[in-house]
Amino acid sequence: MEDTNNSILKNLILFSVFLLVMYVLFRIQDIVFLYFASFIIASAANPLVKILSKKFSRHVSVIIFYLCAFILFLLIFMPLLNLFIDQLIAFLNHVPQYWSKIEELFIDLNKNHDKSVIISFFNRIGLMNWIKMAQNIGIFPNISQFVTSISALGQNFIETSVIFTKGLLTSLFFIVSVILISFIMLIDKDTIQNSLIKIFHINLQPDVKEITSMISKKVGGYIAGQLINMVNLGTLLFIVLSILKIDYAIILAVVAAIMDIIPIVGATITVTVIAIVVLAQNPALVIAAVASFLITNWILDNFVKPFVFG
């Protein structure tokens, strides 16, 4: 009986400690996420740093890696970011006009059953009924409400600017912190790993070291593979949509690349966004645009992605 009571007491203590740790982690979740993001970046960069370490010291290799990353950021990412922002601003300015075109198209669905293959297709699948139902339950956006919201945003410009500035400064602080922490993690990788391993019993330390090394390798490999696949998908889709002469191709390509992170649902969201944006420009190109994304995604999933993630 005494052994049973001791066992129950021990389990209660362990459970209480577990709850306490979870509570502490919840309270410091921002810090935990900061270090987790830094660990992911350090894990993704570590294979390249190891290659450079064959010719240079660890410290010099890490510095070279960050310098190359910064140069690539200035030469490639910044111009693309400026182009993306310009297209995004232009797209937002055209949203009311696009939405009006889409509404006019749906209004004509019941009047032109046989004049257009696209219109006939939408009419057969009952898209107009779905649109009406979505509007009735408040899911579908209302352009008048959108314009009203924009006007209200303009009236509260000062308050919005303060909030935006605080958010921007917070984001910049987070990014700088992640870069610095990941930099330290890369330089002192072995020291940090050995310090963490010493927490465990000496008999467990070899296994813990092997497991942590495996986790770092797998996480780094997955992140690198995912980034490569996102770049491939975004680049190919941008080229195809540009050939089709679809406006805001870079926005659609970026959306597709980001949504690629989310299995199944991400592709559905991308197809929906592409269909809506192209529908407002040229309904005749909707099927071609959606098909281009599906074919590009299928080729990458079946031929490129297995090789990259392998």
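Residues numbered from 1 in each chain as written. Predicted model: local features only at pLDDT ≥ 70, side-chain atom pairs only at ≥ 80, totals over all residues. Heavy atoms only, no water.

### Brief notes about the side chain of S216
Here's step 1: Looking at the secondary structure, you find S216 in helix α9 (residues 205-243).
Here's step 2: When near neighbours in sequence (up to four residues on either side) are disregarded, S216 contacts F39, S43 and K189. (Helix = DSSP H or I, 4+ residues; strand = E, 2+ residues; numbered from the N terminus. Contact = heavy atoms within 4.5 Å.)

### Here we look at the environment of Y66
Here's step 1: Checked against the element boundaries, Y66 lands in helix α3 (residues 58-107).
Here's step 2: Spatially, the C-alpha atoms of Y66 and A45 are 9.3 Å apart, while their sequence positions differ by 21 residues.
Here's step 3: Not counting the four nearest positions on each side in its chain, Y66 is found in contact with I179, S182, F183 and L186.

### Brief notes about the layout of surface pockets
Here's step 1: By volume, the second largest pocket amounts to about 570 Å³.
Here's step 2: Contributing elements (two or more residues each) for the lining of the second largest pocket: α2 (29-52), α7 (157-187), α8 (189-197) and α9.
Here's step 3: Ranked by residue count, the leading element in the lining of the second largest pocket is α2, at 7 residues.
Here's step 4: The residue inventory of the lining of the second largest pocket, partitioned by class, reads 15 nonpolar, 5 polar and 1 charged. (1 Å grid on protein atoms, 1.4 Å probe; cavity = no way out; pocket = protein on both sides within 12 Å on 5 of 7 lines; lining within 4 Å. Points joined across faces, edges and corners; volume = space filled by probe spheres on them. Nonpolar A, V, L, I, M, F, W, Y, C, P; charged D, E, K, R; others polar.)

### What to know about helix α11 (residues 265-281)
Side chains of residues three or four places apart in an α-helix project in the same direction, reflecting 3.6 residues per turn.
Here's step 1: Here α11 spans 25 Å end to end across 17 residues, near enough to the 24 Å set by a 1.5 Å rise per residue.
Here's step 2: G266, T270, I274, V277, V278, L279 and A280 are the residues of α11 that are buried. (Expected span 1.5 Å × (residues − 1). Buried < 20%, exposed > 50% of the residue type's maximum accessible area, 1.4 Å probe, protein only.)

### Quick notes on the nonpolar core
Here's step 1: One finds F91, L241 and I274 to be the most contacted residues of the largest nonpolar core, which totals 25 residues.
Here's step 2: Mapped by element, the contributors of at least two residues to this core are α3, α9, α10 (249-259), α11 and α12 (286-309).
Here's step 3: Non-local contacts of F91, meaning those with residues more than four positions away in its chain, are made with Y98, Y248, I251 and V277.
Here's step 4: In this structure, A37, V49, Y66 and I181 belong to the second largest nonpolar core, which totals 13 residues. (Core = buried A, V, L, I, M, F, W, Y, C linked by side-chain atoms within 4.5 Å.)

### Structural notes on a positive patch on the surface
Here's step 1: On the surface, K50, K54, K217 and K218 cluster together to form a positively charged patch.
Here's step 2: By the element assignment, K218 lies in helix α9.
Here's step 3: By relative accessible area, which is 58% here, K218 ends up exposed. (Patch = residues over 30% accessible without salt bridge, like charges linked within 9 Å, V, L, I, M, F, W, Y side chains within 5 Å. Areas by Shrake-Rupley, 256 points an atom, 1.4 Å probe, with all protein chains shown as cover. Salt bridge = Lys/Arg side-chain N within 4 Å of Asp/Glu carboxyl O. Lys, Arg positive; Asp, Glu negative; His and termini not counted. Charge placed at Lys NZ, Arg CZ, Asp CG, Glu CD.)

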